[in-house]
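Chain by chain, the residues run as shown.
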Amino acid sequence: MKRFYKDAGYEACANGFSIHLDGRPVKTPAKASLVAPTEKMARHICDEWLLMDDVVDHRKMPITRFLNSTIDAITSRRSAVVDEVAAFGQTDLLCYRAESPHDLVQAESIYWDPPLHWLFEEHGIRLQTTKGVTPLRQDERALTALNNLVQSLDDCRLAGLHTATTISGSVVLGLARVKDAIDTDTLWAAAMVNEDHQSAFWGEDPEEKKRRENLRSELTDLENWLSLL
């Protein structure tokens, strides 16, 4: 849409900081009030709106999009999102290991063992691992504890966890990132272990390269989102 406003600002409200354009409150696509949880995020979102030229391009407003999604798709259906994300624990990427070749087995161990150890040491949740792709039945107590851990996150961090888990295929990596146990580069390296191995062997085609660039860009947006909470 064309830019229709001159100024962007925010003001404190009961549950955070409401975003305004020319003094009028901004609404999400679902018509809820756009309210940032922190002043730092509100200031950043206002900057995104002010940087628009003649046309408002939401692709260039990642934090605004993140907040819209949090309010419209996370807060309104929180229980379903918690269950969806926690369900990754049943088939988590980190739990299914290659049997060969040796360099891949070693890389998986280097990148995947530490997050699993962190999950057990910090939260008492132990997920089992297996070789190959045969379905692994995780302990129900571990899965319940994992669900409770996801449930304990606020809506904004739950939104971040949803993004990290979807990109990586691992709720363990997502939790480790959201709770600052690993950084974004480490999450990316761990998520791409198998793909990096395949690319080194077969080469990377242009479509695959573009897909990876898009995913990495999403993680950069996630990193910025978490830094504003």
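In the block above lies the structure referred to throughout.
Figured I'd write up the structure that's included with this text.

Rules of the game
- Residues numbered from 1 in each chain as written.
- Predicted model: local features only at pLDDT ≥ 70, side-chain atom pairs only at ≥ 80, totals over all residues.
- Heavy atoms only, no water.
- Buried < 20%, exposed > 50% of the residue type's maximum accessible area, 1.4 Å probe, protein only.
- Helix = DSSP H or I, 4+ residues; strand = E, 2+ residues; numbered from the N terminus.
- Pairing = 2+ DSSP bridges.

1. Considerations on the pairing of strand β2 (residues 16-21)
Then, number 1: Across the 6 residues that make up β2, a large majority, 6, are buried.
Then, number 2: Judged from the 6 bridges that link them, strand β1 (residues 8-13) and β2 form a sheet pairing that is antiparallel. The residue bridging Gly9 from the neighbouring strand is His20, located in β2.
Then, number 3: Hairpin remark: β1 followed by β2, antiparallel, with 2 residues in the connecting loop.
Then, number 4: Bridge count for β2 against strand β4 (residues 35-36) is 2 bridges, and the pairing is antiparallel. The partner of Phe17 across the bridge, within β4, is Ala36.
Then, number 5: Sheet topology note: the β2/strand β3 (residues 24-25) ladder contains 2 bridges and is antiparallel. Across the sheet, His20 pairs through a bridge with Pro25, a residue of β3.

2. What about unusual backbone geometry?
Then, number 1: Note the cis peptide between Ser100 and Pro101, where omega equals -5 degrees.
Then, number 2: Positionally, Pro101 belongs in the loop between β5 (96-97) and α4 (102-123).
Then, number 3: Notably, Asp22 is not glycine yet its phi reads approximately 50 degrees, a positive angle.
Then, number 4: Within the secondary structure layout, Asp22 lies in the loop between β2 and β3.
Then, number 5: Judged by relative accessible area, Asp22 falls into the partly exposed class, the value being 35%.
Then, number 6: One non-glycine residue, Lys31, adopts positive backbone phi at about 75 degrees.
Then, number 7: Its location among the elements puts Lys31 in the loop between β3 and β4.

These figures capture arrangement, not role.
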